[in-house]
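Next come the chains, spelled out residue by residue.
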Amino acid sequence: MNTIEEKEIVFNEHDLIVSMTDRKGKITYANDIFCKIAGYSHEELIGKPHSIVRHSDMPRVVFKLLWDTVLGGKPISAFVKNRTKEGNYYWVKAYVAPIISNGEIIRIISYRRPISSFVKQEISKLYKVLSEHEKSNSLDETFEFMLHFLKERNLSYEQFIDRLALNRSISSPDALNIDVDSYYIDHMIFKTNILRSIALGKKDIKVTESCCCNFGKKLKSLEDMPFTLHPSWRKVHHYHNHVHSLMGDYVERAAKSATKDELNGILLEVEKDTLKLFSALRDVIDNYVEERSL
Ligand SMILES: Cc1cc2nc3c(=O)[nH]c(=O)nc-3n(C[C@H](O)[C@H](O)[C@H](O)COP(=O)(O)O)c2cc1C
């Protein structure tokens, strides 16, 4: 239970908490620092399940991932909030790894170090969301939810841990990393250049090839991102296709344009169409971020 008196125990940068368990999670070894920080004697820890230091703020799904990975023969890192004997808490970055002998997991070892206040703050937000999700969903569903959270940010679990450990934020969905304005400018420069070149009489411009611009590629790469389920995403595609399908027409008119004003008129039309495309994109991202913000 969370109590008001609960205090954070901050441990030293140079301290290393070490423990070992059997393959069921029963503690077989605890170093002095573990005993000191958790507030238990060796005797009180040895033979006990490791959940002895479990804090109620920890989502179950984190331990599911930990156990699935370790019993699958692989190591894993995780940020864990633990409870001391006195009812206080301490945060760690735990590295947990199986010790394998003759193909069998004989022991599981864990090393833990302190984490920065930035990480504590960020991971607490996520764990709160996961714990809330667990209240009305099965463990497997929350596991899916967590994978979804990572996918939105285009991060594997390992990348997510590394990124946080480097004090870089994970709260922004990948959608936020799309620099809409720079794509807009790219688009405009690209089209303006083509149309100007054509107006100046350069006939060897391969419009279809050139129009395969970066933004088109970006759109494709985003196709399985959750925000593409947003109804406005169809608009983005619609305007993108529209802008490109009009290119032939623009090119033809630019080639025939006799004056600078005529060309500028065409460029203005292009700009208007391109703006529609990028405001639809901005719409999708803004709505999405609003709905999904942690
Ligand atoms: C080597 C090792 C170290 C562990 N360290 C911790 C730990 O520091 N804190 C914790 O809550 N669980 C730790 N666990 C996970 C626990 O075994 C357990 O799965 C977790 O506390 C959830 O307990 P519960 O399923 O009874 O809720 C560790 C497991 C292993 C194998």
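Residues numbered from 1 in each chain as written. Predicted model: local features only at pLDDT ≥ 70, side-chain atom pairs only at ≥ 80, totals over all residues.

What to know about the overall build of the chain
Next, step 1: Counting secondary structure elements, the chain contains 11 helices and 5 strands.
Next, step 2: Across the 294 residues of the chain, 23% fall into the buried class.
Next, step 3: Here the analysis covers contacts within the chain between residues at least 6 apart in sequence; of these, 61% occur between residues at least 24 apart. (Helix = DSSP H or I, 4+ residues; strand = E, 2+ residues; numbered from the N terminus. Buried ≥ 20, exposed ≤ 12 C-beta atoms within 10 Å, placed from the backbone. Contact = placed C-beta atoms within 7 Å.)

Let's talk about the pairing of strand E5 (residues 104–113)
Next, step 1: Here strand E1 (residues 17–21) runs beside E5; their pairing, made up of 5 bridges, is antiparallel. When the bridges of E5 are listed, Val-18 appears paired with Tyr-111.
Next, step 2: In this sheet, E5 lies alongside strand E4 (residues 89–101) in antiparallel orientation, the contact comprising 9 bridges. The residue bridging Pro-98 from the neighbouring strand is Ile-108, located in E5. (Pairing = 2+ DSSP bridges.)

Let's talk about the site of the ligand
Next, step 1: If you check the shell around the ligand, you find 15 residues, and the closest are Gly-25, His-50, Ser-51, Arg-54 and Ser-110.
Next, step 2: Those elements that place two or more of their residues in the shell around the ligand are E1, strand E3 (76–83), E4 and E5.
Next, step 3: Residue composition of the shell around the ligand, by class: 7 nonpolar, 7 polar and 1 charged. (Near = placed C-beta within 6 Å. Nonpolar A, V, L, I, M, F, W, Y, C, P; charged D, E, K, R; others polar.)

Overview of the confidence of the model for the chain
Next, step 1: For the chain, per-residue confidence averages 85 on the pLDDT scale, and residues scoring 70 or more make up 87% of the total.
Next, step 2: The element-level mean pLDDT for the chain is lowest in helix H8 (residues 207–210), coming to 48, with helix H2 (residues 42–45) highest at 98. (pLDDT = per-residue confidence, 0-100.)

Topic: the environment of Ile-123
Next, step 1: Residue position: Ile-123 is located in helix H4 (residues 117–135).
Next, step 2: On the neighbour-count criterion, Ile-123 (22 C-beta atoms within 10 Å) is buried.
Next, step 3: Taking C-alpha positions, Ile-123 is 7.5 Å from Phe-79, a pair spaced 44 residues apart along the chain.
Next, step 4: Beyond its immediate chain neighbours, meaning those up to four positions away, Ile-123 contacts Phe-79 and Leu-164.

Quick notes on the packing of H4 against helix H5 (residues 139–152)
Next, step 1: Packing of H4 against H5 brings their axes to within 9 Å, and their N-to-C directions diverge by 145°. Between H4 and H5 the crossing geometry is right-handed. Facing H4, whose interface residues are Leu-130, His-133 and Glu-134, H5 presents Thr-142, Phe-145 and Met-146.
Next, step 2: For the contact of H4 with H5, the per-class residue count stands at 3 nonpolar, 2 polar and 1 charged. (Axes fitted to C-alpha atoms, helices over the stretch in contact; angles between N-to-C directions. Left-handed = near helix turned anticlockwise from the far one by under 90°.)

Here's the deal with the sheet that holds strand E2 (residues 27–30)
Next, step 1: Read across the sheet, 5 strands follow the order E2-E1-E5-E4-E3 without closing on themselves; strand pairing throughout is antiparallel. With partners counted over all chains shown, the strands left at the sheet margins are E2 and E3, one partner each. For this sheet, the mean inter-axis angle between neighbouring strands, taken without regard to orientation, is 30°.
Next, step 2: Helix H3 (residues 60–71) rests against E3, E4 and E5 of the sheet, and its axis sits at about 135° to E3.

Thoughts on the packing of helix H7 (residues 180–199) against helix H10 (residues 232–256)
Between two packed helices, what matters for the description is the angle formed by their axes and the separation of those axes.
Next, step 1: Relative to each other, H7 and H10 sit at 35°, their axes nearing to 7 Å. In this structure, the crossing between H7 and H10 has a hand that is right-handed. Residues Leu-195, Ile-198 and Ala-199 of H7 form the contact with H10, whose own contacting residues are Tyr-250, Val-251, Ala-254 and Ala-255.
Next, step 2: A breakdown of the residues in the contact of H7 with H10 according to their chemical character gives 7 nonpolar, no polar and no charged.

A look at the nonpolar core
Next, step 1: One finds Phe-79 and Val-92 to be the most contacted residues of the largest nonpolar core, which totals 28 residues.
Next, step 2: Those elements giving two or more residues to this core turn out to be E2, helix H1 (32–38), H3, E3, E4, H4, H5 and helix H6 (157–165).
Next, step 3: Once residues lying within four places of it in the same chain are set aside, the contact partners of Val-92 are Ile-17, Val-80, Asn-82, Arg-112, Arg-113, Pro-114 and Ile-115. (Core = buried A, V, L, I, M, F, W, Y, C linked by C-beta atoms within 7 Å.)

Description of unusual backbone geometry
Excluding glycine, residues mostly carry a negative phi; peptide bonds, for their part, are mostly trans.
Next, step 1: One non-glycine residue with positive phi stands out, namely Asn-102, at about 50°.
Next, step 2: The residue Asn-102 is located in the loop between E4 and E5 in this model.
Next, step 3: On the basis of neighbour count, Asn-102 is assigned to the exposed category, with 5 C-beta atoms found within 10 Å.

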